[in-house]
Amino acid sequence: MDTFDKPDNTDIENSASEHSGPELTRRGLLMGTGALVVSFSTANAFAQTPAPAPAAPAAAPAKPPALPGSLDTDRYLDSWIRIDAQSKITVFTGKAELGQGIRTPLMQVAAEELYVDPKDIELITADTGRTPDEGFTAGSQSMQNSGTAIRNAAAQVRDLLIAQAATQWNLPADQLKVEKKRVIAPDGRSMGYGEVVVGQFLHVEAQPKSKLKTPDQFSVIGRDVQRVDIPGKVTGGVAYIQDLKMDGMVHARVVRPPSYSATLKNLDDTAIRKMPGVIEVVRDGNFLAVVTEKEYQAVKAMHALQLAAQWDEPAKLLDNANLSAELIGLETEVGTVAEAGTPAFPNGPTYEATFSRPYIMHGSIGPSCGIAVMKADGSLDVWSHTQGVFPDRDAIAQMLALPKPKVRVIHMEGSGCYGHNGADDAAADAALIATKVPGRPVRVQWMREQEHTWEPFGPGMVTKIKASVGADGMIDNWTYDLWSNSHGTRPGDAGSLLAGRHKSNPTPLKLPKININPNGNGDRNAIPLYAIPNQKILWHYVNQMPIRVSALRGLGAQPNVFSIESTMDELAMAAKTDPVEFRLKHMKDKRGYDVIKLAAEKFGWGKGTPARDHGVGFAFARYKNHAAYLAIAVELKVEPDTGRVRVIRCVSAIDSGQAVNPDGIRNQTEGGILQSLSWTLYEAVQFDKTRITSADWSSYPILRFASVPDTVEVHIIDRPGTPFLGTGEAAQGPTSAAIANAIRNATGKRITDLPLSRERVKTAIGA
Amino acid sequence: MTITLNVNGKSHQVDAEADTPLLYVLRNDLDLHAAKYGCGLGQCGACTVMIDGKAALSCVTPLLVAQGREITTVEGLGTAENPGPIQKAFIEKQSAQCGYCIAGMMMSGAALLKHNPKPSDDDIRAALRTNLCRCGTHMRIMAAIKRASELMGQQAALPAAESNRSAG
């Protein structure tokens, strides 16, 4: 989660997900003139009086009780679940499918509590015109926020259906059961859900407590339900925004400046306007685009426009060869992330090191795409694979000086994004161009080099650790300093959008301020989860952003865990203790302890000696220190002549709380491991003083099949009845560190700068 | 100009400029969305189709080159209602995350299995060498191609009348 996300709901969710809570009993159910008043009695005294009592005018409005997950912000049940007269169930989520497979577990939790098959549910995802506003689909929080809301809403809807049928039949509610979308009486009478729901029946505020099924009652939660999106994706269905076609749709390509700060000096577009199929050449400040009837005409016109445009380009980027010093030199302020005891380093074994991570690309395989149409009534519909339809809507409305209600942003899946990539920008491009060709849907497809050079990268970071081990073999002192930009420049503001910055009357990017909170940002996972009595952790904030950056899967967690867990191995060596044993000795969190034990056991840690040139490495983190636990062991081989590293096997253990779809957790975790492996061994954005030079896959190499491990295992520790902890980002940090530790094990050399490239390994081993 | 294309066993007349890459015609003129635009440079494999039984990158294949040859896309492997063995295998192994690269993976896999029905892991890695996946679905993609090989073997063992439908 980045700084623009909603506050974390973990505590609320903890209280709301108790299964041992009181029975939700019906006390009053009054059908009036189109209005329905529902009240419940619970042992936690959240009961309302049966008749609405007007609040005393002088009294300050009472703070409404906290509701589970995102119900807290969208409090009416029918914001989440609707049932029509034919018993068709529609569930609404403000979260978006990003390739993580979120649709399926959200359907599972709803189906579970409604006693229906997941197939009986239609799920509507992020759409400013239809769904709750759940901020960004980010931070591995969809199950925590939306899953918790939907599950509780479904349980409350079910109990309302039962209560209403009980009233009609004059039977006690506890004698009724539900099955196959019907409420059933002991005498066999039954009513379909759709018969029970009349009018505004579900337009009631949710209650703080729900009668949730207990794990022993589950029939859908915890099952490997097949993902609902895969059949369409493997048979050529319209699965992505890139596949959408609309009547009268035209194709557009933008021509971006050649570098961030370039300004348009001169352009003669006469010849381009005469090219086949060209409808419009858009020139609005530094924003250029072509609009054509057919798609490839747009590509050709774009190339011609690129050649015709002349730009002024200042050389304002950092010295990439000297990145760590550059970042440290840009420090603007220092924030304290955590402080305990008084770290001091009088004597004894001390380890000190500087670590770094380069700028890393999201690198979606499908470049961003946006579609927009300016309608006759002056309203604008936009389709986008954004992570946040509402903030994107706000930013686009501001950019075009339109009232927010005039802009609707509808999520449509794109290629996997792994954070804030070009999606919002492509939507804004389409929106801006659509205003120039009103009435025609405009499809903007970014080119590969545009995605590579204009997406906001995961920020480069530098960290410095100093730590010591006492005579008892335990870590006693720890200082940690990190240098980083904010990892969040997401929309909400027009200045976050490239089109907003490039058009005439531009909105500049608002530089984010340092914000230290429990979710972390650049400082995510900067605090070791281990018991260390004296520690001080500082974020040296870098305000300026010479390279465009924003949220990339895990934010600071990957570089921070890489640094911390590399250091843990060095300290274990100083303490002459096995690295797994050393971690266990410092782990006071039982669930952390359990994943470390399980990963080590499944890997066969400590059994046998690695073969020649092979190494083994281990690492652990609890994502954000309050989400999923993940430990991983890897075995790899280092080719001594070339420095090439080949990871052979990975064995991980993860605890994501209550597992809703175990295969979904495995799939996401396997993916996280392999993506982090790619970041760790191969990836660094290249740039000179003027331009980003990683413009395609040859100048930004990523993992290929030849280098994929032989096996990747994911072992799940299920925690039935506990809150959802999310999964998607848990592997990013530990995988990097486990690889670094395995290289250390194989070669005796500690490499502290990412990526652990062939060249660096070769240099380190002196080959 | 008008060009005749043979795609998934059907002949199509398309009116397009001769330098248009095959990918754009498949997606926009023939409504075959499976092949994806990924790079337009022949670097990522998202646009992979089969031409005359061999994997080909449709984003860098000019229409004129494709003319008169047998083109197969994922749509030619089966449908959502009646998936072919490669599609079944990808569903069974849940071999997708975002899935954007998967059509290309399936076509590289199909071309491999056509000539090598029992590929080793190394054969699969080699056949997919030009296909990139960013979600890290590689293990499952390899597992699905192995599984497809089994399913196709089972299909081949069926009586001849039933086994005519091949995966490409």
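From a predicted model like this one, the values you see are computed outputs, not experimental measurements.

Draft legend 1. Structural context of the overall build of chain B. Counting its secondary structure elements, chain B contains six helices and five strands. The N-to-C order of helical and strand elements in chain B reads β-β-α-β-β-α-β-α-α-α-α. Compactness check: chain B gives a C-alpha radius of gyration of 15 Å against a globular reference of 15 Å for 168 residues, within 12% of the reference. Based on the C-alpha atoms only, the size of chain B along its principal axes is roughly 45 × 40 × 25 Å. Counting over 168 residues, chain B shows a buried share of 57%. Counted over contacts in chain B with a minimum sequence separation of 6, partners at least 24 positions apart contribute 59%. Of the accessible surface of chain B, which amounts to about 6,300 Å², a share of 51% is contributed by carbon and sulfur atoms.

Draft legend 2. Here's a closer look at the pattern of salt bridges. All names here are of chain A. On inspection of all chains with the given rule, the structure shows 58 salt bridges over all chains. Residue Arg408 pairs with Asp127 through a salt bridge whose shortest N-O separation is 2.7 Å. On the criterion of sequence distance, the pair formed by Arg408 in strand β18 (residues 407-411) and Asp127 in the loop between β5 (121-124) and α3 (142-169) is long-range, its members being 281 residues apart. Between Lys536 and Glu339 there is a salt bridge, with the nearest N and O atoms lying 3.5 Å from each other.

Draft legend 3. Main features of the domain arrangement of chain A. Residues and elements named next belong to chain A. In terms of domains, chain A is made up of domain 1 (10-231), domain 2 (241-313 + 362-454) and domain 3 (330-360 + 457-487 + 522-765). Listed by partner, the interface residues are 18 residues for domain 1 and 15 residues for domain 2. Where domain 1 abuts domain 2, roughly 1,300 Å² becomes buried across the two surfaces, and 58% of that area is made up of carbon and sulfur atoms. Among the residues domain 1 hides against domain 2, the three largest losses belong to Leu98, Thr128 and Phe136. Together they make up 42% of the total. Summed over the shared surface of domain 1 and domain 2, the result is one salt bridge. In this structure, the connection of domain 1 to domain 2 is made through four residue pairs in polar contact (both at pLDDT 80 or more). Each residue belonging to the side of domain 1 that touches domain 2 can be placed in one class, and the counts come to six nonpolar, seven polar and five charged.

Draft legend 4. Structural context of the side chain of A:Ser364. Assignment of secondary structure puts A:Ser364 in the loop between β15 (350-357) and β16 (369-374). Not counting the four nearest positions on each side in its chain, A:Ser364 is found in contact with A:Ser415, A:Gly416, A:Cys417, A:Tyr418, A:Asn421, A:Arg448 and A:Trp697.

Draft legend 5. Here's a closer look at the interface of chain A and chain B. Counting from both sides, the interface comprises 69 residues of chain A and, opposite them, 55 residues of chain B. Of the roughly 4,900 Å² buried between chain A and chain B on both sides combined, carbon and sulfur atoms contribute 54%. Looking at the side of chain A facing chain B, the largest losses of area belong to A:Val234, A:Ile365 and A:Phe705, adding up to 17% of the total buried there. In this structure, the connection of chain A to chain B is made through 10 salt bridges. In this structure, the salt-bridge partner of A:Asp710 is B:Arg125, at a minimum N-O distance of 3.5 Å. Where chain A meets chain B, there are 40 residue pairs in polar contact (both at pLDDT 80 or more). Mapped by element, the contributors of at least two residues to the side of chain A that touches chain B are α5 (230-233), β9 (250-255), α7 (295-308), β19 (442-445), α16 (662-682) and β26 (711-716) of chain A. The biggest single contributor to the side of chain A that touches chain B is α16(A), with 11 residues.

Criteria and thresholds
Residues numbered from 1 in each chain as written. Chains lettered and ligands numbered in written order. Predicted model: local features only at pLDDT ≥ 70, side-chain atom pairs only at ≥ 80, totals over all residues. Heavy atoms only, no water. Helix = DSSP H or I, 4+ residues; strand = E, 2+ residues; numbered from the N terminus. Rg over C-alpha atoms; globule rule 2.2 N^0.38 Å. Buried < 20%, exposed > 50% of the residue type's maximum accessible area, 1.4 Å probe, protein only. Contact = heavy atoms within 4.5 Å. Areas by Shrake-Rupley, 256 points an atom, 1.4 Å probe, with all protein chains shown as cover. Salt bridge = Lys/Arg side-chain N within 4 Å of Asp/Glu carboxyl O. Domains from an automatic or database assignment. Buried area = accessible area lost by both parts, 1.4 Å probe. Polar contact = N/O pair within 3.5 Å; in protein donor to acceptor, adjacent residues only side chain to side chain. Nonpolar A, V, L, I, M, F, W, Y, C, P; charged D, E, K, R; others polar.

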